[in-house]
Amino acid sequence: MDRRSEPNRSAIYATTLVAFLAIAGIAVVDPILPAIGEAIGVTAWQVEMLFTAYIAVMAVGMIPATLASGRLGFKPVLVTGVSVVGLAAIGASFSNDIVQLSVLRGVWGLGNAMFFATAMVVLVNLANDREWVVGLFETALGLGFAVGPLIGGLLGEVSWRLPFFVCGVFMVLALGVAARKLREPAHKQQPVRVGQIFATYRRPAFVTLCVVTAAYNFVFFVVLGYTPLFLRLDVIPLGLAFTGWGLGLAAGILLIGHRLAHRIGAVQTVGVALLGLLVCMVLFATSTGTAMSLVVLVVAGLFMGLANANLTDLALGLGSADRRVATGAFNLVRWGAAAPAPIISGKLAEHSLALPFWVGFGVLAAGVLAYLAFGHLMAAGYGERMIWNRAARRAEHAPEEPVGEAY
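Nothing here was measured: the structure is a model prediction, and the numbers come from that model.

Draft legend 1. Just the side chain of Thr312, in detail. Locating Thr312 in the fold gives a position in helix α12 (residues 290-318). Among the residues examined, Thr312 registers a relative accessible area of 8% and is labelled buried. Setting aside residues up to four positions removed in sequence, Thr312 forms contacts with Met120, Val134, Glu138, Phe330 and Arg334.

Draft legend 2. Here's a closer look at helix α2 (residues 33-40). Residues of α2 that are buried include every one of Leu33, Ile36 and Gly37, and no others. Axial view of α2: buried residues confined to an arc of 100 degrees, hence all on one face. Opposite the buried face of α2, at more than 90 degrees from it, the exposed residues are Glu38 and Ala39. On its buried face, α2 sits against α3 (44-72), α5 (98-126), α7 (161-181) and α9 (204-231). A positive phi of about 80 degrees marks Gly41, the residue just after α2.

Draft legend 3. Quick look at a nonpolar patch on the surface. Nonpolar side chains collect at one region of the surface, where Phe94, Phe165, Val169 and Leu173 lie side by side and expose about 390 Å² of accessible area between them. Of the residues examined, Phe165 reaches a relative accessible area of 34% and is grouped as partly exposed.

Draft legend 4. View of the packing of aromatic side chains. All chains considered together, the criterion is met by 15 aromatic pairs. Centre to centre, the rings of Tyr201 and Phe206 are 6.1 Å apart; their planes meet at 40 degrees, and the pair counts as tilted. Ring pairing ties together the aromatic residues Tyr216, Phe220, Phe221, Phe242, Trp245 and Trp335, which thus form one cluster. The positively charged end of Arg105 is found above the aromatic ring belonging to Tyr54, 4.6 Å away from the centroid. Seen from the ring of Trp108, Arg105 lies directly overhead, with NZ or CZ sitting 4.6 Å from the centre.

Calculation criteria
Residues numbered from 1 in each chain as written. Predicted model: local features only at pLDDT ≥ 70, side-chain atom pairs only at ≥ 80, totals over all residues. Heavy atoms only, no water. Helix = DSSP H or I, 4+ residues; strand = E, 2+ residues; numbered from the N terminus. Buried < 20%, exposed > 50% of the residue type's maximum accessible area, 1.4 Å probe, protein only. Contact = heavy atoms within 4.5 Å. Arc of directions from axis to C-beta. Patch = residues over 30% accessible without salt bridge, like charges linked within 9 Å, V, L, I, M, F, W, Y side chains within 5 Å. Areas by Shrake-Rupley, 256 points an atom, 1.4 Å probe, with all protein chains shown as cover. Salt bridge = Lys/Arg side-chain N within 4 Å of Asp/Glu carboxyl O. Phe/Tyr/Trp six-rings, centres within 6.5 Å; stacked < 30°, edge-to-face > 60°. Lys NZ or Arg CZ within 6 Å of the ring centre and 35° of its normal.

Interpretation in functional terms is not warranted from these geometric data alone.
Here's what the structure looks like:
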């Protein structure tokens, strides 16, 4: 589609920029996790609370944020969310203990919930080409995950507080962009009810997607939250390592994910991502050195990009016709399943450094089994067909019965 046919390009790009800054704010913490633990004097699982508090509040906040957007409009909720993130990030830079940091990260997560509950819906409603705008959004997320660790590593070498402060400044800048450029969709929508969100879970294809996504996102945050401690690198090398991971993620989204989906289907592309990531978890757990772990980290990012490129689009296609409802229901599962991963990894690491990856392997294997058993429901709901769905293939090649009168 010709991008000149998109009348709201300015608002779309502004929303995407804010998404990039929001994700960079999540990833900026990665390279400074060991430094925070050393400076404050806390254990691995306590440091991981910075991720768990953030993600848990973000997951729970998705529903009230979705409800608020239906009553107040998308822009007020989104702008408020960006403001909350900025204030929480700046406040975190002045924290003195893990409790203060965790509380502020929770507030940060609430602000991001307001943003993520509205941003995708705004983009899809403003754009004529849904696939383009979803790809643009996911690419911004991938680049945010790439740039965030680099910023965290470079600034964290000076002080672990500086990345938080700079992230807050970025969000203040994003607030200016959001206030000026963002706009409401042309058609006013009815308020969302809680019952509508939970009714989405009655759809078998959507439930299957949620089960697969829950397993995937748990592993996503095992990698994102625990690997910085596992690698035991200094701040700048750790930032560069996760920049490589983020570039792999962005490449999977931007260069491969959608192209592969056009060839074999979005559902089967997610299957490729799950199997590739499953292998990466085994390689992490059996790694013989830092160099091998770094290579696996980048490859894992690539497979994660394949998944991220298609999961959001699948959620919009398989969920409620009301995109606010589909997004709210999907994000509740997506982030809710991720919340325990960092803190569980931190506790498991006290027994064995490889154990978090083995547990991640087990969780993802359960997701793969659900995918193999019920993936055909997702494919059918999305207008695709699984290559191993023999019943569908037999039906496709069976001769048509003659049409005549019934006797």
